[in-house]
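Structural overview for review
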Amino acid sequence: MLHGIRNLIYYYSLLTLTLEGAHNMAFELPNLPYSHDALADNGMSKETLEYHHDLHHNAYVTNGNAAIAGTEWENKSLEEIIVGTYDINAVAQNGIFNNISQLWNHNQFWEMMGPGNSSMPSELENSLIENFGSIDDFKTKFCAAGAGQFGSGWCWLVSDKDGSLKITKTENGVNPICFGQKTLLGCDVWEHSYYIDFRNKRPVYLTNFLDNLVNWENVASRM
Ligand code: FE
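Here the structure is a predicted model, which means the values were calculated and not measured.

A few points about the overall build of the protein
Within the protein, the regular secondary structure consists of nine helices and three strands. Reading the protein from its N end, one meets helices and strands in the order α-α-α-α-α-α-β-β-β-α-α-α. Per-residue burial for the protein yields a buried fraction of 43% across its 223 residues.

Pasting the structure below:
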């Protein structure tokens, strides 16, 4: 009887270890780098972060893990999966790409914001002026890209292959990795990112993002 129980405990611990091992292979939802209410005074409410991080971002993690399970992508990095599954000729991207790219996009997005009203490091400031004429011109162009993205997507500040800075916009989960560009800043313009705080006013959300939410030290660290 005792022997039977010992065997049971042994096999149960093996099963638990196996499940934990499998779990460690899967992607996980990263914690926000600040508390859920940390950005509220800067225009991104606790409720938005509860929905956007805890539910929307988490769904990309769950669905992304389910989509890659048992495929050639199972043990690859997010970046490898994004490059390997993006189809430049497709009208709509596949489920693996959509979920994994959105997982990566949101991982970056939280890091690019902060509660501190950060000042812009001079290297980044000089680069923006050199590439866009002035900081105001950069902000105007960035907001225009975000406002001009029809439907869901993102607008970006990227460093292109030749080292020049560019502002781009992409649909749905498509991101700069797909085009071999380095991501310096990205803004989520899916409705779930602004509807609670700004309702339908995407341009106001974008202006507020640049003026009050961006962590410019993080942006500069990506150059
Ligand atoms: Fe989002």
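Moving on, there is more to tell.
Description of unusual backbone geometry
Backbone geometry places Asn172, a non-glycine residue, at a positive phi of 50 degrees. Here Asn172 shows up in the loop between strand E2 (165-171) and strand E3 (182-188).

Some words on the coordination of the iron ion
By definition of the ideal shapes, a tetrahedral metal site with four donors has angles of 109.5 degrees and an octahedral site with six donors has angles of 90 or 180 degrees. Coordination of the iron ion by the protein comes from His52 (NE2), His106 (NE2), Asp188 (OD) and His192 (NE2), over a distance range of 1.9 to 2.2 Å. Here the iron ion binds four donor atoms, and the angle range of 89 to 142 degrees at the metal identifies the geometry as irregular. Along the chain, the residues donating to the iron ion are arranged with the sequence spacing H-x53-H-x81-D-x3-H. With His106 in helix H4 (residues 95-111) and Asp188 in strand E3, this residue pair connects regions lying 82 residues apart in the sequence.

Section: the environment of Gly95
By the secondary structure assignment, Gly95 is in helix H4. Separated by ten residues in the primary sequence, Gly95 and Thr85 place their C-alpha atoms 9.4 Å from one another.

Here we look at the environment of Ala220
Among the secondary structure elements, Ala220 is positioned in helix H9 (residues 216-221). Along the backbone, Ala220 and Pro121 are 99 residues apart, and their C-alpha atoms lie at a distance of 6.7 Å. Setting aside its immediate chain neighbours within four residues, Ala220 contacts Pro121 and Leu124.

Considering the sheet that holds strand E1 (residues 153-159)
Ordered in space as E2-E1-E3, the three strands form an open sheet in which the pairing is antiparallel. Because the sheet does not close on itself, it has two edges, and the strands there are E2 and E3. Strand-to-strand, the axes of this sheet are offset by a mean angle of 25 degrees, without reference to chain direction. One ladder, built from six bridges, connects E1 with E3; its direction is antiparallel. Directly across from Ser159, in E3, lies its bridge partner Lys182. Here helix H8 (residues 202-213) sits on the sheet in contact with E1 and E3, set at roughly 135 degrees to E3.

Things to note about the nonpolar core
One finds Leu157, Leu185 and Phe209 to be the most contacted residues of the largest nonpolar core, which totals 57 residues. Top element by residues in this core is H4. It accounts for seven residues. Those residues in contact with Phe209 that lie beyond four places of it in its chain are Phe109, Met113, Phe142, Leu185, Gly186, Cys187 and Val214.

Focus: the state of the cysteines
Taken as a whole, this structure holds zero disulfides when the rule is applied. For Cys143, which is in no disulfide, the shortest distance to another cysteine sulfur is to Cys155 and amounts to 7.3 Å. Classification of Cys143 as buried rests on a relative accessible area of 14%.

So, how was this worked out
Residues numbered from 1 in each chain as written. Predicted model: local features only at pLDDT ≥ 70, side-chain atom pairs only at ≥ 80, totals over all residues. Heavy atoms only, no water. Helix = DSSP H or I, 4+ residues; strand = E, 2+ residues; numbered from the N terminus. Buried < 20%, exposed > 50% of the residue type's maximum accessible area, 1.4 Å probe, protein only. Donors = N, O, S within 2.8 Å, 3.2 Å for Na, K, Ca; no water. Tetrahedral: all angles 85-135°; square planar, octahedral: opposite > 155°, others 65-115°. Contact = heavy atoms within 4.5 Å. Pairing = 2+ DSSP bridges. Axes fitted to C-alpha atoms, helices over the stretch in contact; angles between N-to-C directions. Core = buried A, V, L, I, M, F, W, Y, C linked by side-chain atoms within 4.5 Å. Disulfide = S-S within 2.5 Å.

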